[in-house]
Structure formats: C-alpha cells, structure tokens
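Residue-level structural notes
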Amino acid sequence: MKKLRLTFLFTVFCIGFAFKWYFTNLDVEYSVWLLKPTTIWVEQITGLNFDFLQNEGYVCTHTLPITIIDKSCSGLNFWLMALLLGTFLLYKKVTNLWQFFYSFMAVFGLAWLVTIIANTGRIVISIKFLPLLIPYIDYSQSHLLLGIFIYITMLILYYLGLKWAIGVKNKYK
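Residues numbered from 1 in each chain as written. Predicted model: local features only at pLDDT ≥ 70, side-chain atom pairs only at ≥ 80, totals over all residues. Heavy atoms only, no water.

1. So, the side chain of Thr115
- As for its position among the elements, Thr115 is in helix α4 (residues 97-128).
- Taking the relative accessible area as the measure of exposure, Thr115 reaches 0% and is therefore buried.
- There is a polar contact of 2.7 Å between the side chain of Thr115 and the backbone oxygen of Ala111.
- Sequence-distant contacts of Thr115, defined by excluding residues within four places in its chain, comprise Leu34, Ser74, Gly75, Phe78 and Trp79. (Helix = DSSP H or I, 4+ residues; strand = E, 2+ residues; numbered from the N terminus. Buried < 20%, exposed > 50% of the residue type's maximum accessible area, 1.4 Å probe, protein only. Polar contact = N/O pair within 3.5 Å; in protein donor to acceptor, adjacent residues only side chain to side chain. Contact = heavy atoms within 4.5 Å.)

Shown next as structure tokens:
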C-alpha cells in the first residue's frame, strides 16, 4: 500500500513538472485550454469582445488600456498548484491503480475549473475596477497585487472545500 502511494506521489510530481516545463516553453496557442474558457466568461460578464491574435492571445481594443489575455494570464502556475494540492490531499485515499486514475482525473478537472474561475475573477476586476485606482497606485502593481490576493484566496477556499468533501465522504463510509 505504501509503495502504491509513493508511486502515486512520484507520478503526480513528474506530471506536474512535465506540464510546467512543457507549457513554459511553448507559444500562447498551447495555453488555449485555459485561455479560451476564461475569455468566454470574461466576455459574458463584461460585455466586451476579444479577438484571438496569434502569438499575442486574446485582445480587446475597446478598453483603455488595451486588454490582452495572454500566456501570462493563463493561470498555468495556479492550475499546477491546485492540481498538486488536490492530489496531495487525496493520495492517502488511493488503494489501487483505478482509484489513482479516477482521483487524478477528478482533481485535474476540478483544478482546471477553479483556475478558470480565479482567472475570470481576476481579469474582470482588472478591467472594471483597477482603472479607478490608477490615480493612487500604478496599474501594473495593482494588477499584480490583485492576482496574488485572488490566487491565494482561491487556493485556500479550494483546500478547505477539498478537506470538507473528503471529510463528508469519510463520514458516510
């Protein structure tokens, strides 16, 4: 059992490292699996239209400053943290190979969804509210601080939600 759990952790770590290395060295087109859903939600919430420009990302010229949702906005690092956090919380529950596979797929999808929600919130707030703060703080600094606040808050909520879900599941066993 312990060997299976260690294999699980090692495999997840290798997958996370491979994702980080692979996507860090690629163009924006390979981040579309995170950027496209985020952009769709941002468009729905703000009413703005974004166009995809190769090697740039999704661009909206209807706002000042011009809004670009690019590779740096994809949230890949956040997604990796959420993926690894989820798998490390669930690794003690793994008892066989199929459970490993299903747990990993569930955490993979959940981390993706949480990433889309966090990115959407960060970008919508950046578009709607950060321009109001320009007289008081530099836009790039406020954008960075907002990202840190939203990502840490979402990781804490994600962690607490997973801990609660694991507790509820164990309660009814």
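Now that the structure has been shown, we can carry on.
2. A short note on unusual backbone geometry
- One non-glycine residue, Asn55, lies in positive phi territory at about 70°.
- Inspection of the secondary structure assignment puts Asn55 in the loop between β1 (51-53) and β2 (57-60).
- The exposure class assigned to Asn55 is exposed, which follows from its relative accessible area of 55%.

3. Here we look at the pairing of β2
- Alignment of β1 against β2, held across three bridges, turns out to be antiparallel. By the bridge assignment, Phe52 is partnered in β2 with Tyr58.
- As consecutive antiparallel partners, β1 and β2 are separated by three residues, and within that stretch Asn55 has a phi angle of approximately 70°, a positive value.
- Relative to strand β3 (residues 67-69), β2 runs antiparallel, the two being bridged by three bridges. Within β3, the residue paired with Cys60 across the bridge is Thr67. (Pairing = 2+ DSSP bridges.)

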